[in-house]
There are 2 protein chains.
Amino acid sequence: MKERKGASDEPIRMPITIEEGIDFSIIELMFFAYRDFTSDPDEILADYGFGRAHHRVVHFVNRLPGLTVAELLEVLQITKQSLARVLKQLIDTGHIVQVQGLRDRRQRELYPTAKGRNFLLMLARPQSRRIHAALEGESAAGRLSIERFLKGMVNPELRAQIDHLPGNMSGKDDGKQ
Amino acid sequence: MKERKGASDEPIRMPITIEEGIDFSIIELMFFAYRDFTSDPDEILADYGFGRAHHRVVHFVNRLPGLTVAELLEVLQITKQSLARVLKQLIDTGHIVQVQGLRDRRQRELYPTAKGRNFLLMLARPQSRRIHAALEGESAAGRLSIERFLKGMVNPELRAQIDHLPGNMSGKDDGKQ
DNA sequence: GAATTTATGTCAGCAGTGTTGACATAAATT
DNA sequence: AATTTATGTCAACACTGCTGACATAAATTC
């Protein structure tokens, strides 16, 4: 009763690599890339007493001005309560304003103020610098591959949503020549 | 006193697009891609009472068996206490074992058990499927562009760390022909 | 050999962001 | 008039990050 212990709690000393054809490299690259990608705005946000959730709200309100609360929940895929906290803070601090809907007066259309627009630019600038650096030297074809990949990682049902965001050169997912 | 209100809390109705050359498209693609990329394992983890942090620990212990607690903290860039909670649970549930270091008996080398290895495979399988789908139809050059991009998003100081992970075809970051 | 440093573990408390369920109001729809 | 819809709010909880403090054992230094 030394080797045979019944339970298989023996340490495995071999690294896992391409077991079953799994892309561990890309899995961890996604982790590292996203972590560092969000680290720049996170630092700025912390100075303002905000978090990553505030960035997302400011981002989409600037991208889709006039969207309603329900639409924002749909894009972010979070619950009403999760949004309520951060949205309230952004309204109280004058980054976002609510405008009663014209057709439907129950709706609250969300718009950025000048302050909210500038805030998003401050947050997005370091991310954009990082992206430019990562794309430096890439050919047009390479850039297309990268965008196609990122879009391919998104759940198919939601890709249409992405195509409807402004300035997206959309519909280019089916680059099957 | 209608247009001039002093405070600039007027709603801005224009979407932000390529303002100052900022890549809002890629910024939001990163958000959507990462969110959906993590959603598959998150669901599985929830069934086991675990969270995303457990996945990360199981991942790197399988990738770098025998790494010490300090090394794991270095890779994950979190604090001891953040790790302690999840690591304890993974040890208690028999996914990971600690082995006292040979050279330095203060060190705890971390190894996956068979259970821990199988658990990682279960978590990684749907992610790998998603990655394969997103890479489908990509040329070898396109795949290189994608990996180069993800690596380029990581803070330069940490890229060396990535190269030392197993099965990485590393050092290929400087593809300057 | 004694003092210090290092690797790890643990306790207590806090913050940010996600969750659920319940309930309230006003406006639109039936 | 009754119901549904869009929004807001309250309470409570989970996960994962953080800080600061303190304890132990082993290695290192003086």
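Here, the structure is the one placed above.
Residues numbered from 1 in each chain as written. Chains lettered and ligands numbered in written order. Predicted model: local features only at pLDDT ≥ 70, side-chain atom pairs only at ≥ 80, totals over all residues. Heavy atoms only, no water.

Caption draft 1: Quick peek at the interface of chain A and chain B. Contact residues are listed per partner, giving 76 residues for chain A and 76 residues for chain B. Taken together, the two surfaces of chain A and chain B that pack against each other cover about 7,600 Å², and 66% of this comes from carbon and sulfur. Viewed at the interface, chain B and chain A are joined by six salt bridges. Note that A:Arg63 and B:Glu28 form a salt bridge whose closest N and O atoms lie 2.6 Å from each other. Run the count over chain A and chain B and you get 30 residue pairs in polar contact (both at pLDDT 80 or more). Those elements giving two or more residues to the side of chain A that touches chain B turn out to be α1 (24-47), α2 (52-63), α3 (69-76), β2 (96-100), β3 (108-112), α5 (114-135), α6 (140-153) and α7 (156-163) of chain A. Per-element tally for the side of chain A that touches chain B: the top contributor is α1(A), with 14 residues. In terms of residue class, the side of chain A that touches chain B is made up of 40 nonpolar, 18 polar and 18 charged. (Contact = heavy atoms within 4.5 Å. Buried area = accessible area lost by both parts, 1.4 Å probe. Salt bridge = Lys/Arg side-chain N within 4 Å of Asp/Glu carboxyl O. Polar contact = N/O pair within 3.5 Å; in protein donor to acceptor, adjacent residues only side chain to side chain. Helix = DSSP H or I, 4+ residues; strand = E, 2+ residues; numbered from the N terminus. Nonpolar A, V, L, I, M, F, W, Y, C, P; charged D, E, K, R; others polar.)

Caption draft 2: Structural context of the sheet that holds strand β1 (residues 67-68) of chain A. Residue and element names in this part refer to chain A. Sheet architecture is open: three strands sit in the order β1-β3-β2, paired in antiparallel fashion. The strands lining the two open edges of the sheet, one partner per strand, are β1 and β2. Against the sheet, α2 touches β1, β2 and β3, its axis set at about 95° to β3. (Pairing = 2+ DSSP bridges. Axes fitted to C-alpha atoms, helices over the stretch in contact; angles between N-to-C directions.)

Caption draft 3: Broad picture of unusual backbone geometry. All names here are of chain A. Residues other than glycine seldom take positive phi values, yet Gln-77 does so here, at roughly 55°. On the secondary structure map, Gln-77 appears in the loop between α3 and α4 (80-92). Here Gln-77 falls in the partly exposed class, since its relative accessible area comes to 42%. (Buried < 20%, exposed > 50% of the residue type's maximum accessible area, 1.4 Å probe, protein only.)

Caption draft 4: Inspection of the pattern of salt bridges at higher detail. For the coordinates displayed, the defined rule picks out 18 salt bridges over all chains. Between A:Asp104 and A:Arg106 there is a salt bridge; the shortest N-O distance is 2.9 Å. Overall, A:Asp104 belongs to the partly exposed group, its relative accessible area being 21%. Here B:Asp40 ties to B:Arg130 by a salt bridge, and the two come within 3.1 Å at their closest N and O atoms. Taken together, the residues B:Asp40 in helix α1 (residues 24-47) and B:Arg130 in helix α5 (residues 114-135) connect sequence positions 90 residues apart.

Caption draft 5: Just the relation of the copies chain A and chain B, in detail. Each copy of the sequence occupies a distinct position, and chain A is placed on chain B by a rotation of 180° and an axial shift of 0.0 Å, giving an RMSD of 0.0 Å. In the structure described here, the two chain copies are related by an operation that fits a two-fold rotation axis. For chain A, the minimum C-alpha distance to the rotation axis belongs to A:Ile146 and amounts to 2.5 Å. When the interface residues of chain A are mapped onto chain B, 100% of them again lie at the interface, so the same face is used by both copies. (Least-squares fit on C-alpha atoms with pLDDT ≥ 70 in both.)

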